Amino acid sequence: MAQELPCPFEKKFPSELLRDDRYFMTLAYNECINAWRQDEVPVGAVIEYGGEVIARAFNRVNGLKDPTAHAEILAITQAAGAVGDWRLNDCTLYVTKEPCPMCSGATLMSRLQRVVYGIRDPKMGCLGGANNLNDIPTINHHFEITPGLMEAECLELFQAYFKLKRLKETGHEDVGTTADDLSH
Ligand SMILES: [Zn+2]
């Protein structure tokens, strides 16, 4: 494995007693830190079923050299394995950034009950940002979407990663996140 990239953000440890949306999103946030340490674009995901985490993953596109290795896809595959069924009817996906077209499609095809995401992505997001797959009138599976949970925390970490990368590449800090940064 490549040398670990230090991450200035620390993992959060939410109380196990209150398993609300924020609890699960915090665990997804922690996956972003795992991604950062492996020099991956920091997006994290967890899947909840019956109050338990049955899958957790972070973006691994670089490490696996696989353009489909987004956090959501890896988590959905894990969750289907854990449940023993490709239908994730009673599961909720928590992801730190709005799913891209590929991952939005996967949330639909896996029949998730609900998707909760952090950073809204008006450029590439397909669950309310640029588009909303859930609005296709002719599909027979619709799910609940909760956008913007812990958006500020997730965005701060996400932007900091790109700022660091830019600094390493160019030797100077650039202006904040560009629209291109979001399309991961
Ligand atoms: Zn994706």
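Our subject is the structure that appears above.
Below or above, wherever it landed, is the structure these notes cover. (Residues numbered from 1 in each chain as written. Predicted model: local features only at pLDDT ≥ 70, side-chain atom pairs only at ≥ 80, totals over all residues.)

**What to know about unusual backbone geometry**
Phase 1: Notably, lysine 65 is not glycine yet its phi reads approximately 50 degrees, a positive angle.
Phase 2: Position of lysine 65 relative to the elements: it lies in the loop between α2 (61–64) and α3 (71–83).
Phase 3: According to the C-beta neighbour criterion, lysine 65 is exposed, with 8 such atoms within 10 Å.
Phase 4: Here arginine 111, not a glycine, exhibits a phi torsion of approximately 60 degrees, which is positive.
Phase 5: Position of arginine 111 among the secondary structure elements: in the loop between α4 (101–109) and β4 (114–119). (Helix = DSSP H or I, 4+ residues; strand = E, 2+ residues; numbered from the N terminus. Buried ≥ 20, exposed ≤ 12 C-beta atoms within 10 Å, placed from the backbone.)

**Regarding the packing of α3 against α4**
Phase 1: α4 packs onto α3 with a crossing angle of 20 degrees between their chain directions and a minimal axis gap of 9 Å. The angle between the axes of α3 and α4 places the two elements in the roughly parallel class. Seen along the crossing, α3 lies across α4 with a hand that is left-handed. Residues Glu72, Ile73 and Ile76 of α3 lie in contact with α4, whose contacting residues are Cys103, Ala106 and Thr107.
Phase 2: Among the residues forming the contact of α3 with α4, the class breakdown is 4 nonpolar, 1 polar and 1 charged. (Axes fitted to C-alpha atoms, helices over the stretch in contact; angles between N-to-C directions. Parallel < 35°, antiparallel > 145°, perpendicular 65-115°, else oblique. Left-handed = near helix turned anticlockwise from the far one by under 90°. Contact = placed C-beta atoms within 7 Å. Nonpolar A, V, L, I, M, F, W, Y, C, P; charged D, E, K, R; others polar.)

**Quick notes on the pairing of strand β2 (residues 52–58)**
Phase 1: Bridging between strand β1 (residues 44–49) and β2 involves 6 bridges; their strand directions are antiparallel. The residue bridging valine 46 from the neighbouring strand is arginine 56, located in β2.
Phase 2: Hairpin connection of β1 to β2: 2 residues between the antiparallel strands, including glycine 50 at a positive phi of 60 degrees. (Pairing = 2+ DSSP bridges.)

**Observations concerning the environment of glutamate 48**
Phase 1: Among the structural elements, glutamate 48 can be located in strand β1.
Phase 2: As a C-alpha pair, glutamate 48 and tyrosine 94 span 46 residues in sequence and 7.9 Å in three-dimensional space.
Phase 3: Leaving out residues up to four positions away in the same chain, glutamate 48 has contacts with Phe24, Val53, Cys91, Thr92 and Tyr94.

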